[in-house]
Amino acid sequence: MKRTVVGVIVVALLLVDAGSSQASVSKERIGICEIHGTFLGCDASGKAEHPRQLRLRLWSNPSYPLSVDWTTVCFKWSGRRRREDHFNSDGERIDRRIEMAYWRPDRCRVKASITGGFGEGGIAKLILSARV
């Protein structure tokens, strides 16, 4: 009986500890740009302390092909590394993870740019977020 009670208490403590580590992870918006018109071009940028993940979300209405460039500069201890990439969207909604140059960096700066054009006007929105 004592072993069962001790086992239940240990499992309960492990669950509480796992729940508290999950609760410490939060998502914050670090950059946004929105543009209306016939030709699109905007930049979003931001920074995050101790990010676990960086994400880029993009949508347009009407759905139109867009070009996206992104760059991250991450710092860990006394080092600095840079990553950049480019991709094209066919007009679908994008929710993409942005690669960081370090695993669990001390801080990162991220910048993303979108370009494209709507024939008769439209809207596009780019959101950068960090999970810290």
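These notes cover the structure that comes with them. (Residues numbered from 1 in each chain as written. Predicted model: local features only at pLDDT ≥ 70, side-chain atom pairs only at ≥ 80, totals over all residues. Heavy atoms only, no water.)

A word on the overall build of the chain
Quick reminder of the rule: A helix here means a DSSP run of H or I that spans at least four residues, while a strand means a run of E at least two residues long, and both kinds are numbered starting from the N terminus. Relative accessible area decides the class of each residue, using a 1.4 Å probe on protein chains only: under 20% of the type maximum gives buried, over 50% gives exposed, and in between gives partly exposed. Residue contacts are counted whenever heavy atoms from the two residues lie within 4.5 Å of one another. Note on areas: Shrake-Rupley, 1.4 Å probe, and residue coverage restricted to the protein chains presented here.
A tally of helices and strands in the chain yields one helix and six strands. Burial status across the chain gives 39% buried among its 132 residues. Considering only contacts within the chain whose residues lie at least 6 apart along the sequence, 77% involve residues at least 24 apart. Here the chain has roughly 8,500 Å² of accessible surface; of this, 52% comes from carbon and sulfur atoms.

Here we look at the nonpolar core
Here is the rule: Joining through side-chain atoms within 4.5 Å is the link that ties buried Ala, Val, Leu, Ile, Met, Phe, Trp, Tyr and Cys residues into a set, and such a set is a nonpolar core.
Core analysis: the biggest nonpolar cluster contains 29 residues, and Leu54, Leu56, Leu58, Ile98, Ile114, Leu126 and Leu128 have the highest contact counts within it. Those elements giving two or more residues to this core turn out to be β1 (27-49), β2 (53-61), β3 (66-76), β5 (94-98) and β6 (107-131). Ranked by residues supplied to this core, first place goes to β6 with nine residues. Aside from chain neighbours lying at most four places away, what touches Leu56 is Val68, Trp70, Phe87, Ile94, Asp95, Arg96, Ile98, Ala112, Leu126, Ile127 and Leu128.

Digging into unusual backbone geometry
The omega torsion of the bond from Asn61 to Pro62 falls at 0°, within 30 degrees of zero and hence cis. As for its position among the elements, Pro62 is in the loop between β2 and β3. In the Ramachandran plot, Arg104 falls in the positive-phi region, its phi being about 55° despite a non-glycine side chain. Secondary-structure assignment places Arg104 in the loop between β5 and β6.

What about the state of the cysteines?
Formally: In what follows, a disulfide is any cysteine sulfur pair within 2.5 Å.
Inspection of the entire model under this criterion finds two disulfides. For Cys33, the disulfide goes to Cys42, at an S-S distance of 2.1 Å. In this structure, the disulfide formed by Cys33 and Cys42 twists by about 45° around the S-S bond and is classed as right-handed. Each member of the pair, Cys33 as well as Cys42, is classed as buried. Each sulfur of the disulfide joining Cys74 and Cys108 lies 2.0 Å from the other. Taking the sign of the S-S torsion, 110° for the link of Cys74 and Cys108, the bridge is right-handed. Placement of the pair is Cys74 in strand β3 and Cys108 in strand β6, with a sequence separation of 34 residues.

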